[in-house]
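Each chain, written out:
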Amino acid sequence: MESRFYVGKIRNSTLTRSRFGDYDFKEEIIAQLGIELPGKAHGTYGQLLFDKRWSARRAEILARDNHCCVICTAGEKLQVHHRQYHYIVQLRQYKAPWDYADNLMVTLCERCHQRGHNQYHVPIIYL
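The model shown is predicted, which means the values in this text are computed figures rather than measured ones.

Asker: Any details on the pattern of salt bridges? Residues and values, ideally.
Answerer: Counted under the stated rule, the structure contains 5 salt bridges. A salt bridge links glutamate 60 to arginine 57; the nearest nitrogen and oxygen atoms lie 2.9 Å apart. Taken as a pair, glutamate 60 and arginine 57 lie in helix α3 (residues 52-64) at a separation of 3 residues, close to a single helical turn. Among the ionic pairs, aspartate 102 bridges to arginine 57, the shortest N-O distance being 2.6 Å. Here the residue aspartate 102 occupies a position in the loop between β5 (93-94) and β6 (105-109), and arginine 57 occupies one in helix α3, the gap between them amounting to 45 residues. Relative accessible area serves as the criterion here: at 39%, aspartate 102 is assigned to the partly exposed category. The class of arginine 57 is buried, set by a relative accessible area of 11%.

Asker: Before we move on, could you go through unusual backbone geometry and cite the residues and values that matter?
Answerer: Comment: phi is negative for the bulk of residues other than glycine, and the bulk of peptide bonds are trans. Positive phi, normally seen in glycine, also occurs at histidine 67, with a value near 50°. Mapped onto the secondary structure, histidine 67 falls in the loop between α3 and β3 (78-82). Residue classification places histidine 67 among the partly exposed positions, given a relative accessible area of 47%. In this structure, lysine 77 is a non-glycine residue whose phi angle is positive, near 50°.

Asker: Hey, could you go over the sheet that holds β5 for me, with residue numbers and the actual values?
Answerer: The strands that make up a sheet pair up through hydrogen bonds in the backbone, lying either parallel or antiparallel. Here 3 strands make up an open sheet; going across it, the order is β5-β4-β7 and the pairing mixed. The sheet is open, and its two edges are formed by β5 and β7 (124-126), each paired on a single side. In terms of strand pairing, strand β4 (residues 85-88) meets β5 through 2 bridges, oriented antiparallel. Bridge assignment links tyrosine 87 to a residue of β5, and that residue is tyrosine 94.

Asker: Give me the state of the cysteines: which residues, what numbers.
Answerer: The tally for this structure, following the rule as stated, stands at 0 disulfides. Just so you know, cysteine 72 is unpaired, no disulfide at all, and the nearest cysteine sulfur is the one on cysteine 109, 3.7 Å from it. The exposure class of cysteine 72 is partly exposed, given its relative accessible area of 38%. Between cysteine 112, a cysteine without a disulfide, and cysteine 109, which holds the nearest cysteine sulfur, the sulfur-to-sulfur distance is 3.6 Å. For cysteine 112, a relative accessible area of 5% translates into the label buried.

Asker: Quick one: what's the story with the pairing of β3, residue by residue and with numbers?
Answerer: Counting buried positions along β3 yields 4 of 5 residues, so the element is predominantly enclosed. Pairing geometry for β3 and β6, over 5 bridges, is antiparallel. When the bridges of β6 are listed, leucine 78 appears paired with cysteine 109.

Asker: For the side chain of threonine 107, give the residues involved together with the corresponding values.
Answerer: Along the polypeptide, threonine 107 turns up in strand β6. Polar contacts involving the side chain of threonine 107 include one to the main-chain carbonyl oxygen of isoleucine 61, which spans 3.5 Å. Among the polar contacts made by the side chain of threonine 107, one reaches the side chain of aspartate 65 at a distance of 2.8 Å. With residues near it in sequence (within four places) discarded, threonine 107 still touches Ile61, Leu62, Asp65, Cys68, Cys69, Val70, Leu78 and Gln79.

About the thresholds
Residues numbered from 1 in each chain as written. Predicted model: local features only at pLDDT ≥ 70, side-chain atom pairs only at ≥ 80, totals over all residues. Heavy atoms only, no water. Salt bridge = Lys/Arg side-chain N within 4 Å of Asp/Glu carboxyl O. Helix = DSSP H or I, 4+ residues; strand = E, 2+ residues; numbered from the N terminus. Buried < 20%, exposed > 50% of the residue type's maximum accessible area, 1.4 Å probe, protein only. Pairing = 2+ DSSP bridges. Disulfide = S-S within 2.5 Å. Polar contact = N/O pair within 3.5 Å; in protein donor to acceptor, adjacent residues only side chain to side chain. Contact = heavy atoms within 4.5 Å.

If you want it as structure tokens, here you go:
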């Protein structure tokens, strides 16, 4: 049976609900693995954004993107956006915001970030 989880560089995009379609296999995963997933997307995620590890990681991403929004090139009210979230099934928690690969984070201004979240759903990958 083919793995339904993210493996290396290959990802079964049907596992997520995103701009590519309305796919949500959360209930199927719960049934197959016999686990309970969190009701809220991030729980204590907001608290993690005050961690010094996130501050350092955020500074790296901002520097990589020349301290400007990659969409509109604005240089004010910058935020680092995660292109996907990873839920670690065994630990029953999301990855820490600083533990994502560079290609999964991008610098956006507040306006572009909000517009993106309004238009697209950020996929959740179950590991």
